[in-house]
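Summary of structural features
Here are the chains, one letter per residue:
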Amino acid sequence: MDQPVSSARKLPIVLGVESSCDETGVALVTLDPDTGAPRLLGQALHTQVAMHAAYGGVVPELASRDHIRRVVPLLRQALAEASISLAEVDAIAYTAGPGLAGALLVGSAFAEALAFALEKPVLPVHHLEGHLLSPLLASTPPEFPFVALLVSGGHTQLMRVTKVGEYELLGETLDDAAGEAFDKTAKLLGLGYPGGPALSKLAETAEPGLVAEIKLPRPMLHSGDLEFSFAGLKTAVLTKVKAAQAEGVLNEAMRAALAAAVEQAIIDVLVAKSVQALKQTGLSRLVVAGGVGANRHLRETLVTACKRRKAEVYFPELDLCTDNGAMIALAGLLRLVGGATPKTAGGFSVKPRWPLIDA
Ligand code: KG4
Ligand code: ZN
């Protein structure tokens, strides 16, 4: 039988636990013995989407209870997939923030208690750091430094990433996040939760001629800085929906056209600001992370825009775009091998609000 990577080369194995919102994720990562690149050993994920769908959004109390129910079976599953035992784990990373307080507490209490029992150190991880490092697990990972476009349900930020732990905020949204804009406008169009994937699917069926007739704003496109604002877009869509309703033309074709127009407006702003961030920093690598990074149209548009600038664009594997345990384990591992001192297990604090530059 093959020897486990850990005992053959004494490479660290980090267990990661994610529970900041509506996904429970557990994963194990290590370093490749030949290349030294991070390697995913095994992961398990449970999404609560079906449970929250009935309420049209995440119900925090239900999220916390479900994390409690899922986390142990998911740990077993991840260990089985990685073919390792708990004794081989060297450190335990968990999402300490930002996110829903109760949901974060489940993951942190679980990780701290497990680490205490195993006498292993812990690594509290910033959720967004997990997202922005997640492309390092892809088959073609980016080199540092790079510009990161972080687009999730709660955040829209452009960051300069010099190395692990060195992040400079270049610009962010002044109000709604890009994911929130997808979710809120999807709701206006009567689509289920989460809205992003549903809106994007509906948009694919739109007739281009009809889409071209719908004029939506590109908020802050020409603001000259790297700030975003998406709240106005929701109001603009609401006005269009009401007008179409009043005229009796809010049929399936119109809903699809509205979906495509919103998606295009969000993408136009994200792409223009990302290109501007590359120009401003003089960097030639763009990393896209967070749930909205799963959007196919955004990916294609960024690839074209970066090619034009002779810049490279990197994405996480599709299944690592949305929340998962692998990105948390990875951030913990990279901090650990970068010389960070892990914390002794016992006691915990979560930070529901936590700027990444303070991590
Ligand atoms: O990163 P993530 O899983 O959770 C947060 O940390 O917020 O991002 C979730 C967000 C949601 O707003 C969801 O609608 C959006 O990502 N999203 C998408 C797509 N897949 C997920 N938005 C647009 N197109 C998609 N394909
Ligand atoms: Zn996230």
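Quick caveat: nothing in here was measured; it's all calculated off a predicted structure.

1. Brief notes about the packing of aromatic side chains
As enumerated under the stated definition, the model contains two aromatic pairs in all. For the pair Phe144 and Phe146, a centre-to-centre distance of 5.3 Å together with 20 degrees between the ring planes defines the contact as stacked. Between Phe228 and Phe230 the ring centres are 6.1 Å apart and the planes differ by 20 degrees, which places this aromatic pair in the stacked class. Taking the relative accessible area as the measure of exposure, Phe228 reaches 0% and is therefore buried. For Phe230, a relative accessible area of 1% gives the class buried. Between Lys351 and the ring centre of Trp354, over which it is positioned, the NZ or CZ distance is 4.3 Å.

2. Comments concerning the environment of Ala236
On the secondary structure map, Ala236 appears in helix α9 (residues 231-246). Residues Ala236 and Lys215, 21 residues apart in the sequence, show an inter-C-alpha distance of 9.2 Å. Contact partners of Ala236, with chain neighbours within four places excluded, come to Leu216 and Pro217.

3. Let's talk about the sheet that holds strand β4 (residues 91-97)
Whenever strands of a sheet pair, they do so through backbone hydrogen bonds, lying parallel or antiparallel. Pairing within the open sheet is mixed, and its five strands lie in the order β3-β2-β1-β4-β5. Whereas interior strands pair on both sides, the edge strands pair on one side only; in this sheet they are β3 (38-47) and β5 (122-126). Sheet twist, expressed as the mean angle between neighbouring strand axes with direction ignored, is 20 degrees. Where strand β1 (residues 14-18) and β4 come together, four bridges link them in parallel fashion. In the sheet register, Gly16 faces β4, and the bridge partner there is Ala93. Helix-sheet contacts for helix α4 (residues 101-118) involve β1, β4 and β5, and the interaxial angle to β4 is about 160 degrees. On the sheet, helix α12 (residues 325-337) packs against β1, β2 (23-31), β3, β4 and β5 and is oriented at approximately 40 degrees with respect to β2.

4. Regarding the packing of helix α10 (residues 252-281) against helix α11 (residues 296-308)
The interhelical angle for the contact between α10 and α11, taken along N-to-C directions, is 35 degrees, at an axis separation of 10 Å. α11 is crossed by α10, and the crossing has right-handed handedness. Counting all contacts with α10, which are made through Glu263, Gln264, Ile267, Leu270, Val271, Ser274, Val275 and Leu278, the residues of α11 involved are His297, Leu298, Thr301, Leu302, Ala305 and Cys306. Residue composition of the contact of α10 with α11, grouped by class: nine nonpolar, four polar and one charged.

5. Overview of the sheet that holds strand β10 (residues 312-314)
The strand order across the open sheet formed by five strands is β8-β7-β6-β9-β10, and the pairing between neighbours is mixed. Whereas interior strands pair on both sides, the edge strands pair on one side only; in this sheet they are β8 (166-172) and β10. The sheet shows a mean angle of 25 degrees between the axes of neighbouring strands, direction not considered. Both strand β9 (residues 285-289) and β10 contribute to a ladder of three bridges, which runs parallel. For Leu286, the partnering residue across the bridge sits in β10 and is Val313.

6. A word on the coordination of the zinc ion (ligand 2)
For the zinc ion (ligand 2), the full set of protein donor atoms is His127 (NE2), His131 (NE2) and Asp323 (OD), and the range of their distances to it is 2.0 to 2.1 Å. Sequence spacing of the donors to the zinc ion (ligand 2): H-x3-H-x191-D. Taken together, the residues His127 and His131, both in helix α5 (residues 127-133) and four residues apart, mark about one turn of the helix. With respect to burial, His127 and His131 carry one shared label: buried.

7. Quick notes on the nonpolar core
Most often, soluble globular proteins have nonpolar side chains that are buried together. Counting residues in each nonpolar core, the largest one holds 54 residues, and the members touching the most others are Leu149, Leu216, Phe230, Ile266, Leu270, Leu286 and Leu302. The set of elements that each furnish at least two residues to this core consists of β6 (146-151), α6 (178-188), α7 (195-203), α9, α10, β9 and α11. Of the residues forming this core, the biggest block, 17 residues, is contributed by α10. In this structure Leu149 touches Gln157, Leu158, Phe228, Leu270, Ser274, Leu286, Val287, Val288, Ala289 and Leu302, once residues within four positions along its chain are discounted. Counting 33 residues, the second largest nonpolar core, distinct from the first, contains Val125, Leu133, Met327 and Leu334.

8. Topic: the pattern of salt bridges
Applying the stated criterion across every chain, the model contains 14 salt bridges. Arg69 is paired through a salt bridge with Asp66; the nearest N and O atoms lie 2.8 Å apart. Taken together, the positions of Arg69 and Asp66, both in helix α3 (residues 60-82) and three residues apart, correspond to about one turn of that helix. By relative accessible area, which is 53% here, Arg69 ends up exposed. Judged by relative accessible area, which is 2%, Asp66 ranks as buried. For the salt bridge of Asp225 with Lys273, the shortest nitrogen-to-oxygen distance reads 3.7 Å. Taken together, the residues Asp225 in the loop between α8 (208-212) and α9 and Lys273 in helix α10 connect sequence positions 48 residues apart. Overall, the relative accessible area of 1% leaves Lys273 in the buried class. Three or more residues joined by partner-sharing salt bridges are found here, namely Asp66, Arg69 and Arg70.

9. Some remarks on α6
Along an α-helix, residues three or four apart share an orientation, since each turn contains 3.6 residues. Burial in α6 covers these residues: Ala178, Gly179, Ala181, Phe182, Thr185 and Ala186. Buried residues of α6 fall within an arc of 160 degrees about the axis and therefore sit on the same side. Tucked into the core, α6 has its buried residues touching β6, β7 (156-163), α7, α9 and α10. Gly190, located one to two residues past α6, shows a positive phi value of around 75 degrees.

What counts, and at which threshold
Residues numbered from 1 in each chain as written. Chains lettered and ligands numbered in written order. Predicted model: local features only at pLDDT ≥ 70, side-chain atom pairs only at ≥ 80, totals over all residues. Heavy atoms only, no water. Phe/Tyr/Trp six-rings, centres within 6.5 Å; stacked < 30°, edge-to-face > 60°. Buried < 20%, exposed > 50% of the residue type's maximum accessible area, 1.4 Å probe, protein only. Lys NZ or Arg CZ within 6 Å of the ring centre and 35° of its normal. Helix = DSSP H or I, 4+ residues; strand = E, 2+ residues; numbered from the N terminus. Contact = heavy atoms within 4.5 Å. Pairing = 2+ DSSP bridges. Axes fitted to C-alpha atoms, helices over the stretch in contact; angles between N-to-C directions. Left-handed = near helix turned anticlockwise from the far one by under 90°. Nonpolar A, V, L, I, M, F, W, Y, C, P; charged D, E, K, R; others polar. Donors = N, O, S within 2.8 Å, 3.2 Å for Na, K, Ca; no water. Core = buried A, V, L, I, M, F, W, Y, C linked by side-chain atoms within 4.5 Å. Salt bridge = Lys/Arg side-chain N within 4 Å of Asp/Glu carboxyl O. Arc of directions from axis to C-beta.

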